[in-house]
Amino acid sequence: MFPIRGKAAIWHPRAKLIFVKRTTVLQDSKAFCKELKFLWKTPDKFITNMRRKMFFAAALCCIVSAVMVSCGKDNPDTPEPEPEVPVTPKDTVVYAVGQEAVPGKGYYYATIWKDGKRILLSDGSYDAFCNGAYADGETIYIAGCEATGDLVDDGYYEPYHQNVGVIWKFKAGEEDKAEKTVISDGKYSTSPIAVTVADGKVYAAGFDSPDYDRRAILWTDGQPQYLTDGKTDALAYCIYSDGKDVYVGGYVQPASNKQGGIATIWKNGVAQDFTDYVGTEVTGLYVKDGEYVIEGNMTETNSAEDICPYIWTSAGAQKVAETTLCQGVGLAVAGNDIYVAGNESAGYDSEYNPINIAHLWKNGVEQELEVEYKNDFSLWGVICAYVEQK
């Protein structure tokens, strides 16, 4: 099983997602990447429509440019064209985000790996996790949580602290100067899962747990907007901006069937009609000109036994893979390179503690990750940032 601590109160904030819902799993990294490369070429209808639009837009630009050039020759007052601005060469920097066990403590560091090098965002004195990341130019945003909230003593487990939602921000190359913004008050366990930047504002998506059922939340510059009322379980897993529109993906359990969720997309805080099929969820989202490409999971029996990853577009639903060894949790693309993050349940050690190992692949080739405790570390996302060459 994937990493949780021995007490329910201090599970990783995405533990339910891991065991009950999110199982993007693949047996072989090369097969994983082969499937992913295939996804970038599908579905035909969506890609074809986009190519048509791009073709006609390009043709129109050529016609307009030709007319402007022709008119410019006849008009002696036409100003000289602006000189071309040289393109600054940039390097790709890969950030993987997640957690690493604090040896002998039973909890985790909030950890990022920059091109494989380990960097800690917490000091190891409390539980902490990195759940998602976003690169806005050379500025990096990390969504996560720290167990520093209100102390809870429920009589069943040792007293524990609620998870507090946080956003770390730093410039690439200045990770040691990361600024932390707290976005919840610590009264309820809170976990931002994804983060993005649009129109100068920082948006995060996640959930809190005022009761057994969780509430999906959209934060705007740290201010929460509750997407659900907490009467049924709901989660927000991903976020994407298209122009000034902000989309959040997740799931909501219907009141009539609290055993499974319905994949849901919120646009600017308003739920959109997507599907009424119980046993689905949205875990990845891309939007262009209002058209969706959606990554998620679906089960035909509404159980964890047959959960499979799917891609939904205007052409319909397509199953991606159906395997049982490794959970894929992150995808990033830089040019022709595809990066995939995944977690593996690798059995037990001599003391019967579960062994949880994270993997990062580049085009199917595993990348080295610096770790202190090799038997218990996990990834929850990967991004690519582009920085000026030094």
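Cut-offs used in this document
- Residues numbered from 1 in each chain as written.
- Predicted model: local features only at pLDDT ≥ 70, side-chain atom pairs only at ≥ 80, totals over all residues.
- Heavy atoms only, no water.
- Helix = DSSP H or I, 4+ residues; strand = E, 2+ residues; numbered from the N terminus.
- Buried < 20%, exposed > 50% of the residue type's maximum accessible area, 1.4 Å probe, protein only.
- Contact = heavy atoms within 4.5 Å.
- Areas by Shrake-Rupley, 256 points an atom, 1.4 Å probe, with all protein chains shown as cover.
- Pairing = 2+ DSSP bridges.
- Axes fitted to C-alpha atoms, helices over the stretch in contact; angles between N-to-C directions.
- Phe/Tyr/Trp six-rings, centres within 6.5 Å; stacked < 30°, edge-to-face > 60°.
- Lys NZ or Arg CZ within 6 Å of the ring centre and 35° of its normal.
- Core = buried A, V, L, I, M, F, W, Y, C linked by side-chain atoms within 4.5 Å.
- Salt bridge = Lys/Arg side-chain N within 4 Å of Asp/Glu carboxyl O.
- pLDDT = per-residue confidence, 0-100.
- Disulfide = S-S within 2.5 Å.
- Polar contact = N/O pair within 3.5 Å; in protein donor to acceptor, adjacent residues only side chain to side chain.

Draft legend 1. Layout of the overall build of the chain. Summing up its helical and strand segments, the chain has three helices and 27 strands in all. Burial statistics for the chain: of 390 residues in total, 51% are counted as buried. Restricting the contact set of the chain to residue pairs at least 6 apart, pairs at least 24 apart contribute 45%. In the structure as shown, the chain presents an accessible area of about 19,900 Å², 51% of it carried by carbon and sulfur atoms.

Draft legend 2. Fine view of the sheet that holds strand β11 (residues 189-198). Sheet architecture is open: four strands sit in the order β11-β12-β13-β14, paired in antiparallel fashion. In the strand order of this sheet, the two ends are held by β11 and β14 (223-226), each with one partner. The average angle at which neighbouring strand axes cross in this sheet is 25°, direction not considered. Of the strand pairs in this sheet, strand β12 (residues 201-209) and strand β13 (residues 215-220) are connected by six bridges, and their pairing is antiparallel. When the bridges of β13 are listed, Asp-208 appears paired with Arg-215.

Draft legend 3. Expanded view of the side chain of His-359. Looking at where His-359 falls in the secondary structure, it is placed in strand β25 (residues 354-362). Note on His-359: relative accessible area 10%, which makes it buried.

Draft legend 4. Representation of the packing of aromatic side chains. Evaluation of the coordinates by the stated rule reveals five aromatic pairs. Sitting above the plane of the Tyr-109 ring, Arg-118 keeps its charged end 5.7 Å from the centroid. In this arrangement the basic side chain of Arg-214 is found over the ring face of Phe-207, its NZ or CZ atom lying 5.3 Å from the centre.

Draft legend 5. How the structure looks around the sheet that holds strand β17 (residues 262-267). On the basis of which strands lie adjacent, the open sheet formed by four strands has the order β15-β16-β17-β18 and antiparallel pairing. Unpaired on one side and paired on the other, β15 (234-242) and β18 (270-272) mark the two borders of the sheet. When strand polarity is set aside, the average angle formed by the axes of neighbouring strands in this sheet is 30°.

Draft legend 6. Main features of the nonpolar core. Counting 20 residues, the largest nonpolar core has Tyr-95, Ile-112, Leu-121, Cys-130, Ile-140, Ile-142 and Trp-168 as the members making the most contacts within it. Sequence-distant contacts of Ile-142, that is, excluding residues within four places in its chain, are made with Val-97, Ile-112, Leu-121, Cys-130, Gly-132, Ala-133, Val-166, Ile-167, Trp-168 and Phe-170. Of all hydrophobic cores here, the second largest spans 17 residues; its members include Trp-113, Ala-341, Ala-358 and Leu-360.

Draft legend 7. Just the pattern of salt bridges, in detail. Following the criterion strictly, the structure yields seven salt bridges and no others. Members of the salt-bridge network, linked through shared partners, are Glu-100, Arg-118 and Glu-372.

Draft legend 8. View of unusual backbone geometry. We note that Asp-115 has phi near 50°; this positive angle belongs to a residue other than glycine. On the secondary structure map, Asp-115 appears in the loop between β3 (108-114) and β4 (117-120). Positive phi, normally seen in glycine, also occurs at Tyr-352, with a value near 65°. The topology assignment puts Tyr-352 in the loop between β24 (337-348) and β25.

Draft legend 9. Broad picture of the confidence of the model for the chain. Put simply, the chain has an average pLDDT of 78, and 73% of its residues get 70 or more. Counting interchain partners and residues more than four positions distant, the pLDDT-below-50 stretch residues 1-11 has 33 contacts. Counting contacts from residues 13-73, a segment whose pLDDT is below 50, to residues more than four positions away or on other chains yields 103 contacts.

Draft legend 10. Fine view of the pairing of β14. Bridge analysis of β13 against β14 gives four bridges, and the strand direction is antiparallel. Within the sheet, the bridge partner assigned to Leu-218 lies in β14 and is Gln-225. With antiparallel pairing between neighbouring strands as the criterion, β13 and β14 make up a hairpin whose turn holds two residues, including Asp-221 at a positive phi of roughly 50°.

Draft legend 11. Seen up close, the pairing of strand β20 (residues 291-298). Within β20, seven of the eight residues are buried, leaving the element largely enclosed by the surrounding structure. As paired elements, strand β19 (residues 280-288) and β20 share eight bridges and run antiparallel to each other. Bridging from a neighbouring strand, Tyr-286 pairs with Val-293 of β20. The turn joining β19 and β20, which pair antiparallel and follow one another in sequence, is formed by two residues; a positive phi near 55° is taken by Asp-289.

Draft legend 12. Inspection of the environment of Ile-183 at higher detail. Mapped onto the elements, Ile-183 comes out in the loop between β10 (179-182) and β11. It is 7.5 Å that separates the C-alpha atoms of Ile-183 and Val-164, two residues lying 19 residues apart in sequence. Beyond its immediate sequence surroundings of up to four residues, Ile-183 is in contact with Gly-165, Val-166, Ile-167, Pro-192, Trp-219 and Gly-222.

Draft legend 13. Representation of the state of the cysteines. What the rule picks out here adds up to zero disulfides. The thiol sulfur of Cys-145 is not disulfide-bonded, and the nearest other cysteine sulfur, from Cys-130, lies at 9.0 Å.

Draft legend 14. How the structure looks around the side chain of Asp-208. As for its position among the elements, Asp-208 is in strand β12. A relative accessible area of 3% places Asp-208 in the buried class. Among the polar contacts listed, one links the side chain of Asp-208 to the side chain of Arg-215, at a separation of 2.7 Å. Residue contacts for Asp-208: discarding those within four places in its chain leaves Tyr-188, Ser-189, Thr-190, Arg-214, Arg-215, Ile-217 and Tyr-226.

Draft legend 15. Expanded view of the environment of Asp-185. By secondary structure assignment, the location of Asp-185 is in the loop between β10 and β11. With 21 residues separating them along the chain, Asp-185 and Val-164 place their C-alpha atoms 6.9 Å apart. A distance of 3.0 Å separates a polar side-chain atom of Asp-185 from the backbone nitrogen of Lys-187.

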